[in-house]
Amino acid sequence: MTLSTSCGAGAVRGMVAAVLVAVAPWAAAQQDPSQFPAAAVRFLDGELPAMDAAVRSGDRTYFHDAMARMVDFADAWGFKSRANPELARFPMCTGAVQDFLVVGLCRVTPNGEDCTPMLASGFERNLRACRDAAR
């Protein structure tokens, strides 16, 4: 799968959902679900500065590689594949991981169909709650 550099936020949101649901249920490593918030925060803390730089420079190629890293993260945790149902306790973290790419693309192309103030504020709210859960 490739992420077109002309792809809008709505298309990316659909691709993210499809990819995360398609992750094989048997692919999840045996991870301690209580460590998921900390892992999600580490993942996002690693991605957000690079995404901010990509947004400032208008570099849409960042999003292709970031999608691959997100899929790897999802695969490692059984995220959205039902392989790790205990992650349902942390919807704020799964939501933040799922939405960070779309929020970034909306910063590059603010007129995308999914680009609403609620998306960005929901991401920020989920990120804060995930950080709190990681403490």
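Residues numbered from 1 in each chain as written. Predicted model: local features only at pLDDT ≥ 70, side-chain atom pairs only at ≥ 80, totals over all residues. Heavy atoms only, no water.

Caption draft 1: Representation of the nonpolar core within the structure. Phe36, Leu44, Tyr62, Phe73, Val97, Phe100 and Leu101 are the most contacted members of the largest nonpolar core, which totals 36 residues. Counting only elements with at least two residues in this core, the list comes to α2 (36-57), α3 (61-77), α4 (91-108) and α5 (117-134). Not counting residues up to four positions away in its chain, the partners in contact with Tyr62 are Glu47, Ala50, Met51, Ala54, Arg69, Phe100 and Leu101. (Core = buried A, V, L, I, M, F, W, Y, C linked by side-chain atoms within 4.5 Å. Buried < 20%, exposed > 50% of the residue type's maximum accessible area, 1.4 Å probe, protein only. Helix = DSSP H or I, 4+ residues; strand = E, 2+ residues; numbered from the N terminus. Contact = heavy atoms within 4.5 Å.)

Caption draft 2: Molecular detail of the packing of aromatic side chains. With the rule as written, the count across this model stands at 6 aromatic pairs. Between Phe36 and Phe90, the ring centres sit 6.4 Å apart and the planes meet at 45°, which makes this aromatic pair tilted. On the criterion of sequence distance, the pair formed by Phe36 in helix α2 and Phe90 in the loop between α3 and α4 is long-range, its members being 54 residues apart. Grouping residues by exposure puts Phe36 and Phe90 together as buried. Ring geometry for Phe43 versus Phe100: centroids 5.6 Å apart, planes at 85°, classification edge-to-face. Here Phe100 lies in helix α4 and Phe43 lies in helix α2, a separation of 57 residues in the sequence. You can call Phe43 buried: its relative accessible area is 13%. Classification of Phe100 as buried rests on a relative accessible area of 0%. Members of the aromatic cluster, connected to one another through ring pairs, are Phe36, Phe43, Phe73, Trp77, Phe90 and Phe100. (Phe/Tyr/Trp six-rings, centres within 6.5 Å; stacked < 30°, edge-to-face > 60°.)

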